[in-house]
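In case you want the letters, here they are:
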Amino acid sequence: MKEINLKNLAITVVVGAALWFCPIPEGVTVEAWHLFAIFVSTILGIILKAAPMGTMCMLAVALTAFFQLLAPGNPGQSIALSLSGFGDKVIWLIGISFFIARGFIKTGLGNRIAFLFIRAFGKSTLGLAYGLGLADLVLAPAIPSNTARGGGIIYPIMKSMATSFGSDAAKPETHRKLGSFLTLNCYYMNLIASSMFLTGTASNPMCQKFAADMGINISWMSWAAAGLVPGLIAFIITPIVLYKIFPPELKKTGDAPKVAAEKLKEMGKLSVAEILMLVTFVILLGLWITGDLFSIDATTTAFIGLSILLLTSVLTWDDVKAEKGAWDTIVWFAVLVMMASSLNKLGFIGWFSDLVKGKMGDMDWHYAFPVIVIVYFLSHYIFASATAHVAAMYAALLGVGISLGVPPVLLAMMLGFMGSIYGTLTHYGHGPAPVFFGSGYVELKSWWTYGLIIGLLLLFVYLVIGTSWMSLIGAF
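A short tour of the structure in this document, coming up. These numbers come from a predicted model, not from an experiment.

On to the layout of surface pockets. For the largest pocket, the calculated volume is near 710 Å³. Met53, Thr147, Trp332, Ser385 and Gly431 are the residues nearest the centre of the largest pocket, which is lined by 30 residues in total. Counting only elements with at least two residues in the lining of the largest pocket, the list comes to α2 (30-48), α3 (53-66), α8 (146-164), α16 (324-345) and α19 (386-403). Per element, the largest residue contribution to the lining of the largest pocket is four residues, and it comes from α16. Along the lines of polarity and charge, the residues of the lining of the largest pocket split into 15 nonpolar, 13 polar and two charged. Looking at which domains feed residues into the lining of the largest pocket, each of domain 1 (1-83) and domain 2 (89-212 + 220-324) gives three or more. In this structure, the second largest pocket encloses a volume near 460 Å³. Among the secondary structure elements, those contributing two or more residues to the lining of the second largest pocket are α2, α16, α17 (348-360) and α19. Of the residues belonging to the lining of the second largest pocket, the class tally is 21 nonpolar, no polar and no charged.

In structure tokens:
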């Protein structure tokens, strides 16, 4: 039982059982309350790392089906509904996009793009920071795993650059020379890029799904349009602010373009596989952007992209089978989406929204809106997974805001953006965090201190500038 933490699993079971057997509040059905108990214990188990996320989710499916919570008295229908998440298009959008991301890594196109930006902007430390950030931004629309994007493409190049300029992770006295600054900046830029596109990180489509359950339609293009201005402003100012408050000792990196040029020379001309990957990338972006005009769903576009890569042998079926991260994500994503969506269908979210609305009184939505967003942002300190946080709180807080009169699209988008930027707060707050923190360039105190400062800065940018921009373009 190497993967199981018995102590934390026991805590998870006790909390779930306590909720299960406690008096059911008036206005909540028995099935809704019992599903809520399973949902809470599943999220708690994920937070406490009582067992791998997939294991916790399989337990949730087993319990939901065994107690026939989704179809009382009908075992066959109950198990079918318990597995309904696997048929959701959002799940497959994420899964297939993981496979497409593998194409960037396998062909080397992702590295080539990063080196091109370093060659163009890398003469100074600040320029190098922007170059690495721009590479992440360009790759973000088609690589929804920001862990794969940040940890698999950007991080190795960033570390190589830091080491080549004498900033060695094994020598603490050299950390501030370049490595510490680049580590934090690359992580923050990764989160900003993740917030700007529906396919920027895995939890964004989950937000889209929960919003759709409440009648709020969010397309790939509408998300990109809403996130464009606040994202770009955050992208521009974050390196500058970090450069001022956490300055690197080395200000000039004149050799970086030369190093990048040498790497590009080693890679040679674009290979056939890279060209096919690039063409597929352009097709994907084109269809995602024009999908609303031609009624082509984002998931359909992802299937088209994957089909092209398989038919041209850029990817093989063995590559698809071997992409463990994708299949793992499909499994636990499907279960979390099933439970959260079912809670909404069983009326639990509506009941909770009315309850909170009653506690908040007649608060004007202009005040309720920032309060809800700030609570959602700061509550990420207790979550070790952005997806678990979205699953636990997004739908509930969206329902509360709508009941208080907050424009639905505005709140749905803003909570979606928070799903990326609240990752700045901790060294476990988002997928790429352990990768960058694990480099050893930034000590824990500095990570949390500067993470809070930059997090609050981004919160202000999105709340103030983002809201104004969305109002200007008529998004709400």
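That covers the picture; the talk isn't over yet.
A separate point is α3. For α3, which comprises 14 residues, the first-to-last C-alpha distance of 20 Å matches the rise-based estimate of 20 Å (1.5 Å per residue) to within 8%. For α3, the full list of buried residues reads Gly54, Met56, Cys57, Ala60, Val61, Thr64 and Ala65. Across the axial projection of α3, the buried residues extend over an arc of 165°, all falling on one side. Where α3 is buried, its residues meet α1 (6-21), α2, α4 (75-82) and α16. The positive-phi residue at the C-terminal boundary of α3 is Gln68, with phi of around 50°.

Right, let's talk about helix α11 (residues 220-245) for a bit. In this model, α11 (26 residues) spans 35 Å end to end at C-alpha, consistent with the 38 Å of a helix rising 1.5 Å per residue. At Leu228, α11 is deflected by roughly 45°, the largest bend along its length, and proline Pro230 occurs up to four residues later in sequence.

One way to put it is that helix α6 (residues 109-121) packs onto helix α12 (residues 256-267) with a least axis distance of 8 Å and a crossing angle of 145°. Handedness of the crossing formed by α6 with α12: left-handed. Judged by residue contacts, Arg112, Phe115, Leu116, Ile118 and Arg119 of α6 engage Ala256, Pro257, Ala260, Ala261, Lys263, Leu264 and Met267 from α12. Its residues placed into classes, the contact of α6 with α12 shows nine nonpolar, no polar and three charged.

Next up on the list: the packing of aromatic side chains. According to the stated counting rule, one finds 26 aromatic pairs in the structure shown. Both rings, one in Phe197 and one in Trp220, keep their centres 5.9 Å apart while their planes meet at 25°; by these two values the pair is stacked. Placement of Phe197 in the loop between α9 (179-196) and α10 (203-213) and of Trp220 in helix α11 is noted, with a sequence separation of 23 residues between them. Across the pair, exposure class does not vary: Phe197 and Trp220 are buried alike. Aromatic pair Trp223 and Phe417: ring centres 5.8 Å apart, planes at 90°, arrangement edge-to-face. Of this pair, Trp223 sits in helix α11 while Phe417 sits in helix α20 (residues 408-421); the two residues are 194 residues apart in sequence, bridging distant segments of the chain. Phe417 sits in the buried class, given a relative accessible area of 0%. Three or more aromatic residues link up through ring pairs in this structure, and these residues are Tyr155, Tyr187, Tyr188, Phe436, Phe437 and Trp447. In this arrangement the basic side chain of Arg176 is found over the ring face of Phe246, its NZ or CZ atom lying 4.2 Å from the centre. Across from the ring centre of Tyr243, 5.0 Å away, lies the NZ or CZ of Lys251, which sits over that ring.

Here we come to the packing of helix α18 (residues 365-378) against α20. Packing of α18 against α20 leaves a shortest axis separation of 9 Å and a crossing angle of 25°. In this view, α18 runs roughly parallel relative to α20, as classed from their interaxial angle. Crossing of α18 against α20: the hand is right-handed. From α18, Trp365, Phe369, Ile372, Val373, Tyr376 and Phe377 reach across to α20, where they touch Leu410, Leu411, Met414, Leu415, Met418, Gly419 and Ile421.

Let us now look at unusual backbone geometry. One non-glycine residue with positive phi stands out, namely Lys49, at about 55°. Considering the arrangement of structural elements, one finds Lys49 in the loop between α2 and α3. Residue classification places Lys49 among the exposed residues on the basis of a relative accessible area of 57%. Even without glycine at this site, Ser313 takes up a positive phi of about 65°.

Time to look at the environment of Met277. Tracing the sequence through the fold places Met277 in helix α13 (residues 272-294). Looking at Met277, the relative accessible area reads 0%, which means it is buried. Apart from residues lying up to four places away in sequence, Met277 is in contact with Ile100, Gly103, Phe104, Thr107, Leu109, Leu309 and Val314.

This structure, assessed with the given rule, holds eight salt bridges. One salt bridge connects Asp136 with Arg149, and the closest N-O pair in it is separated by 2.5 Å. Separated by 13 residues along the polypeptide, Asp136 in helix α7 (residues 125-139) and Arg149 in helix α8 bring together distant segments of the chain. Its relative accessible area of 1% is what places Asp136 among the buried residues. For Arg149, a relative accessible area of 0% puts it in the buried group. Connected through shared salt-bridge partners, Asp88, Lys209 and Asp213 make up one network.

Parameters at a glance
Residues numbered from 1 in each chain as written. Predicted model: local features only at pLDDT ≥ 70, side-chain atom pairs only at ≥ 80, totals over all residues. Heavy atoms only, no water. 1 Å grid on protein atoms, 1.4 Å probe; cavity = no way out; pocket = protein on both sides within 12 Å on 5 of 7 lines; lining within 4 Å. Points joined across faces, edges and corners; volume = space filled by probe spheres on them. Helix = DSSP H or I, 4+ residues; strand = E, 2+ residues; numbered from the N terminus. Nonpolar A, V, L, I, M, F, W, Y, C, P; charged D, E, K, R; others polar. Domains from an automatic or database assignment. Expected span 1.5 Å × (residues − 1). Buried < 20%, exposed > 50% of the residue type's maximum accessible area, 1.4 Å probe, protein only. Arc of directions from axis to C-beta. Contact = heavy atoms within 4.5 Å. Bend = angle between axes of the 7 residues up to and from the residue. Axes fitted to C-alpha atoms, helices over the stretch in contact; angles between N-to-C directions. Left-handed = near helix turned anticlockwise from the far one by under 90°. Phe/Tyr/Trp six-rings, centres within 6.5 Å; stacked < 30°, edge-to-face > 60°. Lys NZ or Arg CZ within 6 Å of the ring centre and 35° of its normal. Parallel < 35°, antiparallel > 145°, perpendicular 65-115°, else oblique. Salt bridge = Lys/Arg side-chain N within 4 Å of Asp/Glu carboxyl O.

Functional significance is not addressed by these values, which are geometric in nature.
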